[in-house]
Protein chains: 2
Amino acid sequence: MRRVASVPFLSVLSATICCFLSENTPNTSSPNIIIMLMDDMGWGDLGVFGQPSKETPNLDAMAAQGILFPDFYTANPLCSPSRAALLTGRLPIRNGFYTTNGHARNAYTPQEIVGGISKDEILLPQLLKEKGYVNKIVGKWHLGHRPQYLPLENGFDEWFGAPNCHFGPYNNTVRPNIPVYNNSEMLGRYFEEFKIDKKTGESNLTQMYLEAGLDFISRQAEAKRPFFLYWAADATHSPVYASKPFLGKSQRGRYGDAVMELDYSVGRILTKLQRLGIDNNTFVFFTSDNGAALMSGPNEGGSNGPFLCGKETTFEGGMREPAIAWWPGRIKGGTVSFQPANVMDLFTTSLALAGIGPPGDRVLDGLDLTPVLFNHSHTLQSRPIFFYRGNELMAVRLGQYKAHYWTWSNSWEEFKQGVNFCPGQEVAGVTTHEQKEHTQQPIIFHLGRDPGEKYPLSVLSKEYQDASNWISIVVQKHKETLVPGMPQLNMCDMAVMNWAPAGCEKLGKCLKVPKSEPWKCDWPH
Amino acid sequence: MRRVASVPFLSVLSATICCFLSENTPNTSSPNIIIMLMDDMGWGDLGVFGQPSKETPNLDAMAAQGILFPDFYTANPLCSPSRAALLTGRLPIRNGFYTTNGHARNAYTPQEIVGGISKDEILLPQLLKEKGYVNKIVGKWHLGHRPQYLPLENGFDEWFGAPNCHFGPYNNTVRPNIPVYNNSEMLGRYFEEFKIDKKTGESNLTQMYLEAGLDFISRQAEAKRPFFLYWAADATHSPVYASKPFLGKSQRGRYGDAVMELDYSVGRILTKLQRLGIDNNTFVFFTSDNGAALMSGPNEGGSNGPFLCGKETTFEGGMREPAIAWWPGRIKGGTVSFQPANVMDLFTTSLALAGIGPPGDRVLDGLDLTPVLFNHSHTLQSRPIFFYRGNELMAVRLGQYKAHYWTWSNSWEEFKQGVNFCPGQEVAGVTTHEQKEHTQQPIIFHLGRDPGEKYPLSVLSKEYQDASNWISIVVQKHKETLVPGMPQLNMCDMAVMNWAPAGCEKLGKCLKVPKSEPWKCDWPH
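Everything numeric in this text was worked out from a predicted model, so none of it was measured.

**What to know about the environment of Glu 414 of chain B**
Residues and elements named next belong to chain B.
In step 1: Mapped onto the fold, Glu 414 is located in helix H12 (residues 412-416).
In step 2: A relative accessible area of 16% means that Glu 414 is categorised as buried.
In step 3: Taking C-alpha positions, Glu 414 is 8.5 Å from His 525, a pair spaced 111 residues apart along the chain.

**Remarks on the environment of Leu 460 of chain B**
In step 1: Mapping Leu 460 of chain B onto the fold places it in the loop between strand E19 (443-446) and helix H13 (462-481).
In step 2: Expressed as a C-alpha distance, the spacing of Leu 460 of chain B and Pro 358 of chain B, which sit 102 residues apart in the sequence, is 44 Å.

**Concerning the interface of chain B and chain A**
By a widespread convention, an interface's size corresponds to the accessible area lost as its parts come together.
In step 1: At the interface, 35 residues of chain B touch 35 residues of chain A.
In step 2: Buried area between chain B and chain A, summed over both chains or domains, comes out near 2800 Å², and the portion from carbon and sulfur atoms is 59%.
In step 3: Our count for the chain B to chain A interface comes out at zero salt bridges.
In step 4: Taken together, the connections running from chain B to chain A amount to 10 residue pairs in polar contact (both at pLDDT 80 or more).
In step 5: Grouping the amino acids of the side of chain B that touches chain A by side-chain chemistry returns 16 nonpolar, 13 polar and six charged.

**Observations concerning the relation of the copies chain B and chain A**
In step 1: With an RMSD of 0.0 Å, the fit of chain B onto chain A corresponds to turning through 180° and sliding 0.0 Å along the axis. The superposition operator between the copies reduces to a two-fold rotation axis. Of every C-alpha in chain B, the one belonging to Gly 50 of chain B sits nearest the axis of rotation, 1.7 Å from it.
In step 2: Comparing contact sets, 100% of the residues at the interface of chain B also lie at the interface in chain A, consistent with an isologous, same-surface contact.

**Describing the packing of aromatic side chains**
Aromatic ring pairs are described here by two measures, namely the spacing of the ring centres and the angle between the planes.
In step 1: Summed over all chains, the structure comprises 40 aromatic pairs over all chains.
In step 2: Each ring, one from Trp 43 of chain B and one from Phe 49 of chain B, has its centre 4.6 Å from the other, and the planes form 45°; the classification is tilted. When sorted by exposure, Trp 43 of chain B lands in the same class as Phe 49 of chain B, which is buried.
In step 3: Consider the rings of Phe 160 of chain B and Phe 194 of chain B, whose centres lie 6.3 Å apart with planes at 55°: the pair is tilted. Of this pair, Phe 160 of chain B sits in strand E5 (residues 158-162) while Phe 194 of chain B is found in the loop between strand E7 (185-189) and helix H7 (205-223), placing the two residues 34 residues apart along the sequence.
In step 4: Relative accessible area serves as the criterion here: at 9%, Phe 194 of chain B is assigned to the buried category.
In step 5: Over the face of the ring belonging to Trp 327 of chain A we find Arg 330 of chain A, whose NZ or CZ atom lies 5.2 Å from the ring centre.
In step 6: For the cation-ring pair, Arg 175 of chain B lies above Tyr 170 of chain B, with the distance from its terminal atom to the ring centre recorded as 5.7 Å.

**Quick word on the domain arrangement of chain A**
Residue and element names in this part refer to chain A.
In step 1: Each assigned domain of chain A is listed with its residue range as follows: domain 1 (32-383) and domain 2 (389-481).
In step 2: Contacts between the two partners involve 31 residues from domain 1 and, on the opposite side, 29 residues from domain 2.
In step 3: With both sides pooled, the region where domain 1 packs onto domain 2 buries about 2500 Å², and carbon together with sulfur makes up 56% of that total.
In step 4: Interface area lost by domain 1 to domain 2 is led by His 103, Leu 308 and Phe 315, which between them contribute 24%.
In step 5: The tally of links between domain 1 and domain 2 comes to two salt bridges.
In step 6: Put simply, Glu 316 and Lys 402 hold a salt bridge, and the shortest N to O gap is 2.9 Å.

Parameters and conventions
Residues numbered from 1 in each chain as written. Chains lettered and ligands numbered in written order. Predicted model: local features only at pLDDT ≥ 70, side-chain atom pairs only at ≥ 80, totals over all residues. Heavy atoms only, no water. Helix = DSSP H or I, 4+ residues; strand = E, 2+ residues; numbered from the N terminus. Buried < 20%, exposed > 50% of the residue type's maximum accessible area, 1.4 Å probe, protein only. Contact = heavy atoms within 4.5 Å. Buried area = accessible area lost by both parts, 1.4 Å probe. Salt bridge = Lys/Arg side-chain N within 4 Å of Asp/Glu carboxyl O. Polar contact = N/O pair within 3.5 Å; in protein donor to acceptor, adjacent residues only side chain to side chain. Nonpolar A, V, L, I, M, F, W, Y, C, P; charged D, E, K, R; others polar. Least-squares fit on C-alpha atoms with pLDDT ≥ 70 in both. Phe/Tyr/Trp six-rings, centres within 6.5 Å; stacked < 30°, edge-to-face > 60°. Lys NZ or Arg CZ within 6 Å of the ring centre and 35° of its normal. Domains from an automatic or database assignment.

As structure tokens, this is what we get:
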């Protein structure tokens, strides 16, 4: 049954058929929420953000119908911590998704990680569930793969996807292949039941994720239940993949093929909402988990547009993300908001949309963006954006100024082995290969006239002094009140890998678990 | 008198008032032509091309109503040669706008240049005039400032602007201030009658250029004469300037203020065409003369988006240009063409639009783009783009491949003095500070997956061999048939400067001409 399509249509009918409509009017207190989170997709990968090949017509149209956020950030330059931040509304330094094994080291959840999302954290779907939402995650989880950390233990009602990155193939002796779950049981493994041809780049996974998303939307629309869909497709993470109809179609090679298939999928999802007549009652947000992985380029890495470096770094290229908000009828189309915002705001904003008060027992780092979305408010313009790498506050943005307290791309040792987070880019004294401390005199850039972080302000200028004073007050306040969470990403153990996920017995795919020998994980970056 | 506004309106009226209409229907054999050529504006300076600040709503709307050309090039990474190429349809190596004083050196027309556009060249306005067009240039000429080289000697009927860059202020003893002309006589000089406040950045010049353009359009529309307007505003060339209402308005500083005023002016010109009802009979093309001048950044330099280096270089950042074609009713709006094209094509295309055959006595480098503009033809996709620096063919693009036969950013000597054409960018073996020859084994990039020219193809790969073979055939053919023109930019002389331009007597602004002492100009880049 098709719902009422639009507000004008509604107003024409309202006088005569009130009772039919009362069942079908947008449930503005519980709108559906869809967060589409891409994997390693860069700010510069969308036509609307300046990708020369302009191969994202659906995302460009989504922007034309919604709000573009050019100043949107993730919470961390790496996947697991940024995803944990999105779902908890809190910086990784608070929610525990960081390591203290080294200074300013990026950590994530490979198969050997012991930890995962702490039970002390409250996740967005847990709160939404209390208001009657049905919650589904499609795609990559990455908040821990041991049973207690999985999505259905953390507020989600449904899951189709994998707990870790689609690395492999492995031979299932030293290291098992990553399982793909349907809800709480595995369906098979990557490179086995779920094919990824690393040579040709062919895989049907994005199509499967698309169908899983569409099916979920249809079912909830039919049942008239408010839903939260967290659509976390990962085709743009190395090894990048696309299905046959998209392979070889992009001017950009295999990475572009993956982008085109994701763009197509976004278009299909938005069209589905329109066809079901629930587009005027659904908030959709598109973004990515961290900057493009330039070390995988050019065949398997994306673009960070004009921004410096990429994934793993706290320069703009590592944390500035493509971002589009869409809600026909509620959000004015074709607008651009320069609000500095981030993935943690999606937590707080989603709660506000659902009419749920934020938990009162903890510090949240996300802001409620509804004044920006609906009223183009400027009151939040001078909120800070914090750039952490592991346990260290590397940089802070305030207004157009960004102060770097520490600079680091990667170590000389890694760099000399060919690992380069800033290929073709080298800013003297900035993209350093030692961890350089500037806490006494931060390096400050004006991101408006220098989005590429190439020209540090002169420390002798009044502009530098003013910006420095302004930011240091904010940093001092942040540090004074910060209580770091228990670090969850310190310990590793081969015994915790995906040897025998739930459901493996039915499939005859349980593997022998080796003896537990925990060690402190080594995080080189 | 207002003309008929649009085709639908026309069709409604056609049966009844045929005779009125016959006078007012679009003259499709002689459409008006407007070429808007910016100065040092970069590909990445427009919202539609990915500028994070999105401060060009009028240009973005122009793109939405027209064709965006992301693969559009100038003919040279410096102003004078690229402007000469646009107006002659020929590479600078053919039309003489280059130097042989050194190998691969950029040359232009400073005040001390003796040469200018050769009388052997045929300029676009000269050909259009034969078909009844009225031609005006507004803004910067730069094809030689001695009397015989000026616009009214070369096919233009009107001129408001200056022959050289707005450098200065000078004290009128060692070097005179640059004159501003109205037609064939000076009206005053920059920094004297025509103010540019280098400290505040304030100048009303863009407003003057705008009004001159609007007035010309109105007069020709009134007189029902086909016209060619070459609108060459220069506010984004250092020292950048803007008028008071725009100063301080941009997130990007003074450079952004200048862009905003130019964007506003473009909007005003397009609106004027619509109000006059001649928009459906006017071809408008917007582009720039070379890449953004990164050495003037960040306060006075623009953005080349994802492309390598900028002005003065033959990397993409030096020669890839923002480009938009607009013609409501004839050009399908909201389209993107990946046709590799360049400013010389504007010459040939303009002739085709005006129904004029190209001169048969010379080689033209421009192609007729009308099949691309009107029929989205792909037949021209594999045309080559040649990247010259002075007398040397540095690189060639064919399809998505670009082969560098020579690499050079600038000399170590200049670089050590702080002149940097690739700030924050350094690609080993590519952005070299010596002129490096690779003619035996060119460095080849795939611009689709690597628009930033960061990852040379492996010379051992089949892809490299195929691309190399393909391009070398095209290069061989080009070189075999190339007859370089007489170089016009070799000699300098203080006596030829703007001491006593025509009209100076009336104003009492003639200066004493020093003794002629010609020398071979020194071109460091």
